[in-house]
Every structure is written in C-alpha cells, then in structure tokens.
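# Tertiary structure, described
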Amino acid sequence: MSDEPKTPRDDESHLPPQQRDSVVSVPVTPGIRRDTYKDQPQSAGRFQQGYFSERPNGTKGQALHQAAALHQQRSCDDKAETGASQRRSGDEAAVSRRVISATFTVPQVLHYGKDGVWKIEDRCHRSTLLNSFEYLSSDQCPWDHTIVAWTGEIIQVSDSAPSSPRRLSTASQHKSSTGGPGMPHVLVDGETTGDATFLSHDDAKQLEDLLYHDRVRTIPIWLGEDSGATDQGIKLERQSRWRAFAEHDLCALFHYKQHAPNAGRQEDERWDDYYRANKAFADKISEVYQPGDIVMVHDYHLALLPGMLRQRHPDIVASYYLASPFPTSELVRCLHWRKEILEGMLGAGLIGFQARHYAQHFANACARILGYDATVDGVTTPRGNVPIVVIAEGIDVSQVTSLAFTDAVDAKCDELRGLYGHRKLIVGCDPPDSLGGVDKKLQAFARFLETHPHWNDKVVLVQTTSRPAVEDSADEEEESRYANRVNELVNSINHAHGSLGFSPVSVHSHNLSREEYFALLRLGDAALVTSAREGMSTTGLEYVACQRDAHGQLIISEFSGTASSLDEALHVNPWDVAGVAERIHDALTMAPERRAEAHKALYSRVKERDVRFWVDNMLQSLVRASGAHEAHDRPTTSSSERLRYPGCLQGTPS
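Residues numbered from 1 in each chain as written. Predicted model: local features only at pLDDT ≥ 70, side-chain atom pairs only at ≥ 80, totals over all residues. Heavy atoms only, no water.

For the chain, an unreviewed UniProt entry supplies the name Glycosyltransferase family 20 and the organism Purpureocillium lavendulum.

Set out below in structure tokens:
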C-alpha cells in the first residue's frame, strides 16, 4: 500500500489543541474545557497557567520547547549584560527622580474667553488618575512631575457674534484617560461651526505657557495633519479620529463588546490614526526626555507608546498601567492588530493591572499569540523578562472625606432625609449602557421585594447614572434598546410595589451636584454595584469612605476589578438575580456589630491602599524591576532643571 500524504488534521492528531495550527490560527477556539486555564504548579515551584505550562510533545512540541528555552537563555544573557552594564556605568544607573506621565488628554478643563485669553479649571469629575497627578505634582511627593498629553478636540464655537478663530474651546465628548466620557473640557454656549479649527501660533504658545506653569505641569501635544501647519498657525480637522481606534476597537473589546467586521478600510484608517497619535507622544516625550527619567504610560489609548519609546531609548525606565479590564486571550485573538498591541505594551519595563485575573489573561494572550513564556508574574521576551504587577488603584480618602463632610452636604442630607423619610436607601451610580448592569440590578431588586414582601414601602433604590463605560456611535441602536428595557423595568417595579405617593425606584439621569452625590453616599444603607465589566469602581470606594460613621455595606459585582481588593465587601454575580436579592437582604438586616466590624476592615483597607499607595508602589516596583537606584535628593524645580516644552506644532504626527 502506497504512502499517502497526511492531512494537517492527521499530522496534528497527537498534539493537544493549544499546539494545533488548525486550532490556534482561527479567531475562536472550539472545544475549550472548563479546566483549560486551570492554574497548575510547575515542577520548578513557580506558578504558571496550566494551559501553556504542559511540556510539548512530538516534533512540533520539541520546536516550541526549544524556542521557549532559547527565550529563557536570551533572558538570562540580557539580565547578565544589564547587570554588567550597570556595574560599568556606576551612578549612571540611578533614576533622576523626574517623572513623565503620559496620558491621553490633558487633566485640565480649558476655556478660551471672549477676551482672547486661555483659562484653565479643575474638572468637576474626580478620578484616581487625576488624584495621582495631583499627588505627584505636590510638595508631599519627592518626585518632580510633568504630564505629556493631547489637548483634546479644539473646536470653533459661535454664539450671537459671527464665528471667529478667536472663539475657541476644547471639547472631550468621548471617553478620556483622565476625565471619563461625557464631560466636555469647556462649557461654552454656542454651536460648533464645523470640525475644522484654525489655531494661530500665538494662541497655541499662550496655552502651552499656561499649562506648563500650572500646578499640575503639563506639556500639550497638537495632533493634526502636516498639511495643516502654516506660517500663521495650524488647521485641526476631524479631531475625533485620534480616539476612534482606542474607543471603538480596544475599549470595546477590553469590555467584552466585539464589533462585527466590515470591509477593512475603516479599521485600517482607525489603526493608522492610532499609530500616528502614539508616535506623536513618542516624539514629544523624546524631546524632553533625559537619561534617568521615569516615564509612566497610562491606559489603552497609548498601548503602542512603551514599545516606541523602547526603540528610541533602549535603557528607558518606563511603566504601563491598564486601568480597564483585560479580556481573555480568546477575545484578544479576534483583534486584527493583536500582536502590535501586545508588543507595544511589552516595551515597558513593568506592566500593572487592576486585578490578578486581568494579569493572567494578558499572560495567556502573550503565550498564545506571541509564543512567549508567560506567567501571571511576568513575560519572557527576546529582550528579557517584563515583570507584571497587580496594584489596584485607590482614591484620595482625605480629599473625599473633606468634600463629603461639609455644611453644604449636611444640608443636602437633611433635605434628602425629609424626602425619603425613615426608609432604607440603596444607592447606585452606574454607566447608562449595558456594561453598568442596571437592568440586572433592577431585576434583583424586584426579586428582593417579591421574596421579602415585608420590605415593601420600607426601602428605596436611588439609581443615578454616570458616564458610559464605552461611548461609541456604532452601539447607539443597541444602547437605545437597553435604555428602553431599563425604563420598562423601572415602571414595572414601581407599578407592582409602589403607590400614589411612593415609588420604590427613584432614577436620576441628570448629572448630580457634588453635594447631592456625597449626600447620597452618606445616607445609603447599602451601595449596589452590578457592573457587567468594569476596571475600577470609584463609587464603591468613595461609598466606603463616606460611611465612616454609618457603616453601610458595599455590595459589589465580582466583574469589577475593584472587587478583588475588597475582601470584606459582599460580592455578587450580577447574572445571579436571586443571589443578588439575598445579598441586599443580608446588607439591610446585618447586626450593627457585624456591620461595624465589616466596615472597619473595609475602611482600613481603602485608606491604607489609597492613591498614594498606588503611585508609590508603581514607582518602587518599576525602579526595582529596572535594576536602577533612586537619587537621594529631589531635584529643584527651577526653569533650568525642569523638563522643557518645545515650541508648538512640533508634536504634530508625521
């Protein structure tokens, strides 16, 4: 019988699924078992993902094993060379105690007045990232800090007067890395005259000077076409495109929302703009960077930046922190530019995540897609090991309590107490889209009232909305259907369990004032977070801080990255409606002693692991990972020693 050529299926029959080309070359792998990603101890005593830690078999397996061995050998060689280089350079290995933070948009609110003068304001919305920038820029921090960020969309507006290039503002209507989505940089009355805006060199220089001398020192980047730069100024067109790939493709995918593919041209255009924006950041940072400076890159808008900086400055001390979730490798494999994104992140000397399972997903993706030896502790690349750390973001507890316990908030508490009487309050502040899980919260609350009818007329769910987790015009129709479903659930609950003078569900879709928000957090007997996917629950942490006296209980979704760092909170699966209903009952009926004990442990954890803990640990971990040592004295902040900003338009991508 003649030998017939074997088909690929026959050739791979002796291999496990994760080593078969017919499996790993397709977007979604069929037949993955429940224990596929089960963690298993490795013989050497290290912790590694079982899906990738099994020793390969056969010829193909031997090749994979040899490649892994080669990577490990290269890592050892690189570490040895790094150590030798540091011994040769001596003090040159010290970091300079200057920190450059790269974030997508400027942390300030910008306003161009009718008098032709730029003004900057603080954002009304607070975030951990904004608080971290303030801490790094304060006298309490021993680092000299500078932010490099895009200005955001600069639009031309008009009111009763004719439109003029002198009537300018910046608007950031989408999700940003500092202020969150839905918050414009500037609140200016008038209509947008178009997506093209002309900015003179004098106007640009004025804004650069103002931002550079702000208490949170910032160097702005101007994103525009080369053809738009003239001797008179710069023309900015279609500015929202610089966000498109990060928010339509990356952010959606990271939150487990996958878009259907199209002809491909739009994806290529979005990717090209994303690449150019990251390159503009690399250009600007390289203009001000000095050996020994530390660069901290934030979030998915700048995933390519660490790799670009590493190519230009091989010895750079840089970190990358992803505040959003990182999805399973099965989903990452569906991304067209998956290798480029992963390699860009791996350009950092340290990668940080909000939760351990995000780090594990990232390691799995590096192993499956790039073929690197990866564990939850680090990834072995051709240039060496890239450590992974899990450091949950924290809030500024002292700032939250100073804002929450004021006379104005006390007055608002009295007003709300008069409105709701002595009823128990369950508070929620979630995005209005499907990722916020408000529909699941309402279903659980309805189940709670049905199974515990004695709570009728004795409890109120006060639900407010924050900014959308993913703001994308492609999802408008889907999110519109979701909003209708939420409204139907609210009406159904109020009809079944309410009366003429009482509604068990109170929904507020408008933006709350600061006093209203903190008054709700102080009055809430429980806070209910049922997010489907979320990197960090700022509201959950702020609720704990605001309950320092009342000891209310936090009920938080296990799909929030914050949940993994709050062991004492009541964890729930939002899809388990009956389980969430019982946790609501537990929170409202818990004995006072138990409530005080649980809250004391939570409050202590939130206070100890605040924003300063997060910043300091990221910096210390990065310095240790780089093998460098810190300079002992903080540099002075004179104009001759600070990072200098270049002239305007030099950050324009080529």
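### Things to note about the overall build of the chain
Applied cut-off: Numbering goes from the N terminus for both helices and strands, where a helix is a DSSP run of H or I of at least four residues and a strand is a run of E of at least two. Only protein chains enter the accessibility calculation, which uses a 1.4 Å probe; a residue whose area is less than 20% of its type maximum is buried, one above 50% is exposed, and one in between is partly exposed. Contact criterion: two residues are considered in contact whenever any of their non-hydrogen atoms come within 4.5 Å of each other. Every accessible area reported is derived by Shrake-Rupley at a probe size of 1.4 Å, with residue values counting cover from the shown protein chains alone.
Scanning the chain from N- to C-terminus turns up 21 helices and 26 strands. Expressed as a percentage of the 654 residues in the chain, the buried residues total 56%. Relative to all contacts within the chain whose residues are 6 or more apart in sequence, the contacts with residues 24 or more apart total 79%. Surface summary for the chain: the accessible area is close to 28,800 Å², and the carbon and sulfur share equals 49%.

### Here we look at the nonpolar core
Cut-off, in case you're wondering: In these notes, a set of buried Ala, Val, Leu, Ile, Met, Phe, Trp, Tyr and Cys residues joined through side-chain atoms within 4.5 Å is what counts as a nonpolar core.
Counting residues in hydrophobic clusters, the biggest one holds 66 residues, and the most contacted among them are Phe326, Ile341, Phe353 and Phe362. Top element by residues in this core is helix 12 (residues 356–370). It accounts for nine residues. When neighbours within four sequence positions are excluded, Phe326 is seen to be in contact with Phe254, Tyr256, Val332, Leu342, Met345, Phe353, Tyr358, His361, Phe362 and Ala365.

### Some remarks on the sheet that holds strand 14 (residues 294–298)
Filter applied, for reference: By this definition, two strands are paired if DSSP reports at least two bridges between them. Angles here are taken between N-to-C directions and fall from 0 to 180 degrees, while the axes themselves are lines fitted to C-alpha atoms, restricted in helices to the stretch in contact.
Strand order in this open sheet of nine strands is 12-7-4-14-15-16-19-18-17, and the pairing throughout is mixed. Edge positions in the sheet fall to strand 12 (218–221) and strand 17 (373–375), since each has one partner strand and no second. Strand-to-strand, the axes of this sheet are offset by a mean angle of 20°, without reference to chain direction. For strand 4 (residues 98–105) and strand 7 (residues 144–150), the ladder comprises six bridges, and the chain directions are parallel.

### What about the pattern of salt bridges?
The condition that has to hold: One side-chain nitrogen of Lys or Arg within 4 Å of one carboxyl oxygen of Asp or Glu is enough to make a salt bridge.
According to the stated counting rule, one finds 26 salt bridges in the structure shown. In this structure, the salt-bridge partner of Asp273 is Arg241, at a minimum N-O distance of 3.5 Å. Note that Asp273 is positioned in helix 8 (residues 265–288) and Arg241 in helix 7 (residues 241–254), a separation of 32 residues in sequence. Relative accessible area serves as the criterion here: at 8%, Asp273 is assigned to the buried category. Note that Asp273 and Arg276 form a salt bridge whose closest N and O atoms lie 3.5 Å from each other. Of the two residues, Asp273 and Arg276 are both situated in helix 8; the distance of three residues between them amounts to about one turn of the helix.

### Looking at helix 15 (residues 438–451)
Stated formally: Helix span is expected to be 1.5 Å times the residue number reduced by one.
Compared with an ideal rise of 1.5 Å per residue, which puts 14 residues at 20 Å, helix 15 spans 20 Å between its outermost C-alpha atoms and is within 8% of the ideal. Helix 15 sits mainly inside the fold: 10 of its 14 residues count as buried. Among the residues of helix 15, those classed as buried are Val438, Asp439, Lys440, Lys441, Leu442, Ala444, Phe445, Ala446, Phe448 and Leu449. Its buried side turned inward, helix 15 meets strand 20 (424–430), strand 21 (459–465), helix 16 (476–497), strand 22 (505–508), strand 23 (526–529) and helix 19 (577–589).

### Observations concerning the pairing of strand 24 (residues 553–557)
In plain terms, the rule: The handedness of a crossover follows from its direction of travel: if, with the strands pointing away from the viewer, the path from the first strand over the helix to the second runs clockwise, the crossover is right-handed.
Judged by how many residues are buried, strand 24 sits mostly within the fold: five of five residues are covered. Side chains Gln553, Ile555 and Ser557 project from strand 24 onto one buried face, and the interleaved Leu554 and Ile556 project onto a second face that is buried too. The sheet contact formed by strand 23 and strand 24 spans four bridges and is parallel. Directly across from Val529, in strand 24, lies its bridge partner Ile556. The parallel pair strand 23 and strand 24 is bridged by helix 18 (residues 538–546), and the resulting crossover is right-handed. Alignment of strand 24 against strand 25 (residues 570–572), held across three bridges, turns out to be parallel. Looking at strand 25, one finds that Ile555 is bridged to Leu570.

### Some points on unusual backbone geometry
A positive phi angle, close to 65°, is found at Tyr256, a residue other than glycine. Relative to the helices and strands, Tyr256 resides in the loop between helix 7 and helix 8. We classify Tyr256 as partly exposed; its relative accessible area is 30%.

### Overview of the packing of aromatic side chains
Note the following rule: Pairing of aromatic side chains requires ring centres within 6.5 Å, counting the rings of Phe and Tyr and the six-membered ring of Trp. Pairs whose planes differ by under 30 degrees are stacked, by over 60 edge-to-face, and all others tilted. Criterion for a charge above a ring: Arg CZ or Lys NZ at most 6 Å from the ring centre, at most 35 degrees from the ring normal.
Under the definition given, this model contains 15 aromatic pairs. Pairing Phe245 with Tyr274 gives two aromatic rings, centres 4.8 Å apart and planes at 50°, and the pair type is tilted. Residue Phe245 is located in helix 7, and its partner Tyr274 is located in helix 8; the two are separated by 29 residues in the primary sequence. Note on accessibility: Phe245 and Tyr274 belong to one class, buried. Relative to Phe326, the ring of Phe254 has its centre 5.3 Å away and its plane inclined at 45°; by these criteria the two rings are tilted. Here Phe326 lies in the loop between strand 15 (317–322) and helix 10 (329–332) and Phe254 lies in helix 7, a separation of 72 residues in the sequence. Phe326 carries the same exposure label as Phe254, and that label is buried. Cluster of aromatic residues (ring-pair linked, three or more members): Phe254, Tyr300, Phe326, Phe353 and Phe362. Stacked on the ring of Trp143, the Lys or Arg Arg97 has its end atom at 4.8 Å from the ring centre. Over the face of the ring belonging to Phe405 we find Arg548, whose NZ or CZ atom lies 3.8 Å from the ring centre.

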